[in-house]
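# A structural walkthrough
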Amino acid sequence: MNKLSYQTLKEKEFTGYLLKEAPERVIQFGEGNFMRAFVDFFIDNMNEKADFNSKVVLVQPIAPIPGAFDLKDAINEQEGLYTLYLRGCENGEKVNKKRIISCVSRCLNAYTDFDAVMACAENPQLRFISCNTTEAGITYDPTCRFEDRPASSYPGKLTQFLYHRFQTFGSQPGEGFLILACELIDDNGKELEKCVLKYASQWNLGQDFIQWLQNRSPRTERRKRLRRQRHGHRRNLRLLGY
């Protein structure tokens, strides 16, 4: 049996949707079946139907086990391609179909590919972070150090990644991230933010970085833009005499 690849699909005269080349605009911490069947499925559909035109870099957040099966290698050997089976009901109709997902560019390991993961933070086109590191993933471990390669906790890894982003682009507007936390805990985003801010303080990464975390997020920038737009609308309405 031939291994799934773009060349294999070409030889088989595959006619379904594929996106072979696109900028890496999403980095995803968590390479398991749930994220690839959920988040990456939606991204693949967005690429096809909304011209999202984005590839996803997967990151294994745990160290590989010597001699054990490595999903990272399997994903990379298939050029990020995999087949998703969709079975169930939709609008009262039985669904049983499959789709080849082509939004994944590569898979890295946070431990063996630490420098490559950090290099992703230097990509100005990278705008989104998705994650699912299990229900126990968003925890603050005070034993983590900034010098670790990487920090053992996921929030620690994320803090290292965000700080490298900050070092690369400084306070330039629009260089923050939209972070989509999928861990199944209450207020997952808020809890993740609390942990990151704790590490930023514990590791003495500086008040400028902390302010960047709090004020340069896309959500904050969006609020500022909306305020400016509302102010502009009011001003224009006054000038027009309404």
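Here is a short report on the structure shown in this document. Predicted, not measured: the structure shown is a model, and the values here were computed from it. (Residues numbered from 1 in each chain as written. Predicted model: local features only at pLDDT ≥ 70, side-chain atom pairs only at ≥ 80, totals over all residues. Heavy atoms only, no water.)

Residue placement: Ser 54 occurs in the loop between helix 3 (39-50) and strand 2 (55-60). Residue class for Ser 54 comes out buried when judged on its relative accessible area of 0%. A polar atom in the side chain of Ser 54 sits 2.9 Å from the backbone oxygen of Phe 52. (Helix = DSSP H or I, 4+ residues; strand = E, 2+ residues; numbered from the N terminus. Buried < 20%, exposed > 50% of the residue type's maximum accessible area, 1.4 Å probe, protein only. Polar contact = N/O pair within 3.5 Å; in protein donor to acceptor, adjacent residues only side chain to side chain.)

What follows concerns the packing of aromatic side chains. Overall, the coordinates contain 16 aromatic pairs when judged by the stated rule. Arranged with centres 5.6 Å apart and planes meeting at 55°, the rings of Phe 41 and Phe 42 form a pair that is tilted. We classify Phe 41 as buried; its relative accessible area is 18%. Judged by centre distance (5.9 Å) and plane angle (35°), the ring pair of Phe 161 and Phe 177 falls under tilted. Taken as a pair, Phe 161 in helix 6 (residues 154-169) and Phe 177 in the loop between helix 6 and strand 7 (178-181) lie far apart in primary sequence, 16 residues in all. Phe 161 gets classed as buried once you look at its relative accessible area, which sits at 0%. Residue Phe 177 is classed as buried on the basis of its relative accessible area, which comes to 7%. Pairwise contacts between aromatic rings join Tyr 140, Phe 146, Tyr 163, Phe 166, Tyr 199, Trp 203, Phe 209 and Trp 212 into one cluster. (Phe/Tyr/Trp six-rings, centres within 6.5 Å; stacked < 30°, edge-to-face > 60°.)

Here the focus is the pairing of strand 7. Examined bridge by bridge, strand 6 (residues 128-131) and strand 7 share four bridges and lie parallel to one another. Across the sheet, the residue bridging to Phe 128 is Leu 178, located in strand 7. Since strand 6 and strand 7 lie parallel, the crossover through helix 6 that links them has a hand, and here it is right-handed. (Pairing = 2+ DSSP bridges. Right-handed = clockwise from strand over helix to strand, strands pointing away.)

A full pass over the atoms with the stated rule returns nine salt bridges. Close ionic contact of Glu 77 with Lys 3 constitutes a salt bridge, the shortest N to O distance being 3.6 Å. Of this pair, Glu 77 sits in helix 4 (residues 71-77) while Lys 3 sits in the segment before helix 1 (6-11), placing them 74 residues apart in sequence. We note a salt bridge from Glu 24 to Arg 106, for which the minimum N-O separation is 2.9 Å. Taken together, the residues Glu 24 in strand 1 (residues 24-29) and Arg 106 in strand 5 (residues 104-109) connect sequence positions 82 residues apart. With relative accessibility at 29%, the residue Arg 106 sits in the partly exposed group. Salt bridges here are not isolated pairs; linked through shared partners, they connect Asp 44, Glu 48 and Arg 99. (Salt bridge = Lys/Arg side-chain N within 4 Å of Asp/Glu carboxyl O.)

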